[in-house]
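# Working through the structure, step by step
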Amino acid sequence: MALNFLKYSLVAAGAALVTMAAPVRADEIRVGVIASFSGPYSNWGKNIQEATDYFLAQNGGKVGNHTIKVIYRDVGGNNPARARQLAEELVVRDKVQYLAGLEFTPTALAVTDVATQAKVPTIVNNSGTSGILSRSPYLLRAGYTQWMVATPLAKWVAEQGGKKVFLAAADYAPGIDAINSFRRAFTEAGGAISGEAKIPMNTTDFSTYMQKIKEANPEYLYMFMPVGPMSVAFIKSFVERGLGTSGIKLLATAETEESELPAYGDAASGVVTALHYSAAGTEPANAAFVAGLQKKYGADRIPNVASVSAYDSMTMIAEMIRATDGKPDGDKAMAAIKGYGWDSPRGPVKVDPETRELIQNVYIRRIEKVNGKYVNKPFKTYPAVRDPGVKVQ
């Protein structure tokens, strides 16, 4: 009986979502952004909101004749139940036509039913897990996947003659993807994995893991941790436990945010990472993006992957609004965005018409001091990378 009741409730909720998801006024398009504006990952929400508001300011708050109203809701971190609740409220009560935000895989997955039932295009800003877009035909991604960045990084290590790598990742879906993608690409290139560590989420003491890594004696250590407290603690432990001075070279992806680099000091110099974006990138669109954000929010503001994903989310939403003339037509909007390309601050990007993932450059970056400050300086580009993880899901 309980199962039948639950099934009936979901069907009823779906009907309500479809019938009530309509714009308030013909000339106003509402966009709901679900992000972490409180808690340990609140910096993500701050960067997402700043970049979103910057896009609106650039465009006078409009797309064509349509006024854009963004409604922000705080999910407070990795909270799937709250993410679903907020998505339902935004669609039913606030009558949004588009959803965005969603930094974590579980929160992204939690809203897929809402997106499908209401036919609301939903843009995932950060979750790095491959395959999640298959959960709903109305999902897009404005970020990247771990397969997309770890695969070029593994290839680069092999190209440098690297033979032994230890893999350490947080034990959740993107972390598993990080390990699987690096392992596959590196072993296919002739390298060997000297050990692996899957580390529980919210770990703060990494001393036992560092000892295990040191005993494995790899040439490189590839890490993946959620950007924020775990990343900072892991890198500090790597430095303090002397792994760098023992000759082990650290590899990462998004963990070395510019905002955290002063805390590492000279110890982080030379760390190599792979990512689809760097604030130190020299593309004209990026120079304008960085300058615009700093003019609006202060010279100390350094955009990160959350910033560029939020900015590009709005670029995609704007294109869908133009294609539908602002009407609530999720199917037409999704058809229009497939294959759409533009010049992003991260470089040239295009929505893969088959997978709805972004096709984008991946940059190999090295932490270097530029004008007295450490930055992630790109020095090699793997162009037009498609998500390799889609093929193995």
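Look a little higher up for the structure.
What you are looking at is a predicted structure, and each value in this text was computed from that prediction instead of being measured. Every residue gets a number counted from 1 within its own chain, in the order that chain's sequence is written. Only residues with pLDDT of at least 70 get local features here, since the model is predicted, and only at 80 or more are side-chain atom pairs given and counted; chain-wide, interface and lining totals rely on the full set of residues. Working from all heavy atoms in the structure, the side-chain values ignore hydrogens and water.

In terms of regular secondary structure, the chain is built from 13 helices and 15 strands. The size measure is the radius of gyration over C-alpha atoms, and the globule rule it meets is 2.2 Å times the number of residues to the 0.38 power. Taken over the C-alpha trace, the chain has a radius of gyration of 21 Å; the compact-globule value for 393 residues is 21 Å, and the two agree within 12%. When its C-alpha atoms are laid out on the principal axes, the chain stretches across 65 × 55 × 35 Å. In the chain, of all internal contacts separated by at least 6 residues, the share reaching a separation of at least 24 is 69%. Residues scored as positive are Lys and Arg, those scored as negative are Asp and Glu, and His as well as the terminal groups of each chain are ignored. Taken as the charge centre is NZ of Lys, CZ of Arg, CG of Asp or CD of Glu, depending on the residue. Across the chain, the 43 positively charged side chains and the 37 negatively charged ones have centroids separated by 1 Å. Put simply, DSSP H or I for four residues or longer makes a helix, DSSP E for two residues or longer makes a strand, and each gets a number counted from the N terminus. Two residues qualify as a contact provided that any one of their heavy atoms is within 4.5 Å of a heavy atom in the partner residue.

Let us look at the nonpolar core. Counting residues in each nonpolar core, the largest one holds 125 residues, and the members touching the most others are Phe182 and Phe234. Sorting elements by how many residues they give to this core places helix H12 (residues 305-324) first, with 11 residues. Among residues more than four places away in sequence, those in contact with phenylalanine 182 are Ala150, Leu153, Ala154, Val157, Val165, Leu167, Tyr222 and Leu251. To qualify as a nonpolar core, a set must consist of buried Ala, Val, Leu, Ile, Met, Phe, Trp, Tyr and Cys residues joined through side-chain atoms within 4.5 Å. Each residue is placed in one exposure class: buried if its accessible area under a 1.4 Å probe, protein chains only, is under 20% of its type's maximum, exposed if it is over 50%, and partly exposed if it falls in between.

With that settled, the discussion passes to the environment of arginine 346. Position of arginine 346 among the secondary structure elements: in the loop between strand E12 (341-344) and strand E13 (347-351). Under the relative-accessibility criterion, arginine 346 is labelled buried at 2%. Sequence separation between arginine 346 and valine 308 is 38 residues, and the spatial gap between their C-alpha atoms is 7.2 Å. Setting aside its immediate chain neighbours within four residues, arginine 346 contacts Ala142, Gly143, His276, Tyr277, Glu283, Val308, Ser309, Asp312, Leu358, Gln360 and Tyr363. Between N or O atoms, a polar contact is any pair within 3.5 Å; within protein, one atom must be a potential hydrogen donor and the other a potential acceptor, and residues adjacent in sequence are included only when both atoms are from side chains. A distance of 2.7 Å separates polar atoms of two side chains, one belonging to arginine 346 and the other to glutamine 360.

What follows covers helix H7 (residues 173-188). Taking 1.5 Å per residue, 16 residues should reach 22 Å; H7 reaches 22 Å between its end C-alpha atoms and fits that length. Contacts made by the buried residues of H7 are with helix H4 (105-110), helix H6 (146-159), strand E7 (164-170), strand E8 (192-199), strand E9 (220-224) and strand E10 (249-252). Two residues or fewer past H7, glycine 190 is found with a positive phi of approximately 100 degrees. To estimate how far a helix should reach, multiply one less than its number of residues by 1.5 Å.

Let us now look at H6. End to end, H6 covers 20 Å across 14 residues, agreeing with the expected 20 Å (1.5 Å per residue, within 8%). For H6, the tally of buried residues reaches 11 of 14 residues, placing the bulk of the element in the interior. Buried residues of H6: Gln146, Trp147, Met148, Val149, Ala150, Thr151, Pro152, Leu153, Ala154, Trp156 and Val157, and no others. Just downstream of H6, glycine 161 is the residue with a positive phi angle, here 90 degrees.

Moving on to unusual backbone geometry. The phi torsion at leucine 102 lies on the positive side, around 65 degrees, for a residue other than glycine. Of note, leucine 102 is situated in the loop between strand E4 (98-101) and H4. Given a relative accessible area of 2%, leucine 102 falls into the buried group. Its identity is not glycine, yet asparagine 217 carries a phi of approximately 55 degrees, on the positive side. Looking at the element boundaries, asparagine 217 is found in the loop between helix H8 (207-216) and E9.

In this section: the sheet that holds strand E3 (residues 66-74). At least two DSSP bridges between two strands are needed for those strands to be called paired. Spatially, the six strands line up as an open sheet ordered E2-E3-E1-E4-E5-E6, and their pairing is mixed. Only two strands of the sheet have a single partner each, and these edge strands are strand E2 (62-63) and strand E6 (139-141). Note: strand E1 (residues 28-35) against E3, eight bridges, orientation parallel. Each residue of the ladder has a partner; that of valine 33, found in E3, is tyrosine 72. Axes here refer to lines fitted to C-alpha atoms; in helices the fit is confined to the stretch in contact. Angles between the N-to-C directions go from 0 to 180 degrees. The sheet contacts of helix H2 (residues 42-58) involve E1 and E3, and relative to E3 the element is tilted by about 175 degrees.

Two elements, E7 and E8, share seven bridges in a ladder whose sense is parallel. Counterpart to alanine 169 in the pairing with E8 is lysine 198. Orienting the strands away from the viewer, one traces the path from the first strand over the helix to the second; a clockwise path indicates a right-handed crossover. In this fold, the crossover linking E7 to E8 by way of H7 has right-handed handedness.

A few words on the environment of glycine 39. Mapping glycine 39 onto the fold places it in the loop between E1 and H2. Between the C-alpha atom of glycine 39 and that of aspartate 74, which follows or precedes it by 35 residues, the distance is 9.8 Å.

Our focus in this paragraph is the side chain of asparagine 361. When you line up the elements, asparagine 361 lands in strand E14 (residues 358-370). Residue asparagine 361 is classed as buried on the basis of its relative accessible area, which comes to 11%. Only 3.3 Å separates the side chain of asparagine 361 from the side chain of tyrosine 363, close enough to count as a polar contact. A distance of 3.1 Å separates a polar atom in the side chain of asparagine 361 from the backbone nitrogen of alanine 384. In contact with asparagine 361, not counting residues within four places along its chain, are His276, Pro348, Thr381, Tyr382, Pro383 and Ala384.

Each packed pair of helices is defined by two parameters, the angle between the axes and the distance between the axes. Taken N-terminus to C-terminus, the directions of H12 and helix H13 (residues 330-337) make an angle of 120 degrees; their axes are 9 Å apart at the nearest point. With respect to their mutual orientation, H12 and H13 come out oblique. The crossing of H12 and H13 is right-handed. Two secondary-structure elements touch here, H12 through Met316, Glu319, Met320, Ala323 and Thr324 and H13 through Lys332, Ala333, Met334, Ala336 and Ile337. Residues were grouped as follows: Ala, Val, Leu, Ile, Met, Phe, Trp, Tyr, Cys and Pro as nonpolar; Asp, Glu, Lys and Arg as charged; and all remaining residues, including Gly, as polar. Per-class residue counts for the contact of H12 with H13 are seven nonpolar, one polar and two charged. We call two directions roughly parallel when the angle between them is under 35 degrees, roughly antiparallel when it is over 145, roughly perpendicular when it lies between 65 and 115, and oblique otherwise. Here a crossing is called left-handed whenever its near helix is offset anticlockwise from the far helix by less than a right angle, and right-handed whenever the offset is clockwise.

Where H6 meets H7, the closest approach of the two axes is 8 Å, and the angle between their N-to-C directions is 35 degrees. H7 is crossed by H6, and the crossing has right-handed handedness. Residues Gln146, Trp147, Ala150, Thr151, Leu153, Ala154, Val157 and Ala158 of H6 form the contact with H7, whose own contacting residues are Pro174, Asp177, Ala178, Asn180, Ser181, Phe182, Arg184, Ala185 and Phe186. A class-by-class count of the residues in the contact of H6 with H7 yields 11 nonpolar, four polar and two charged.

Interpretation in functional terms is not warranted from these geometric data alone.
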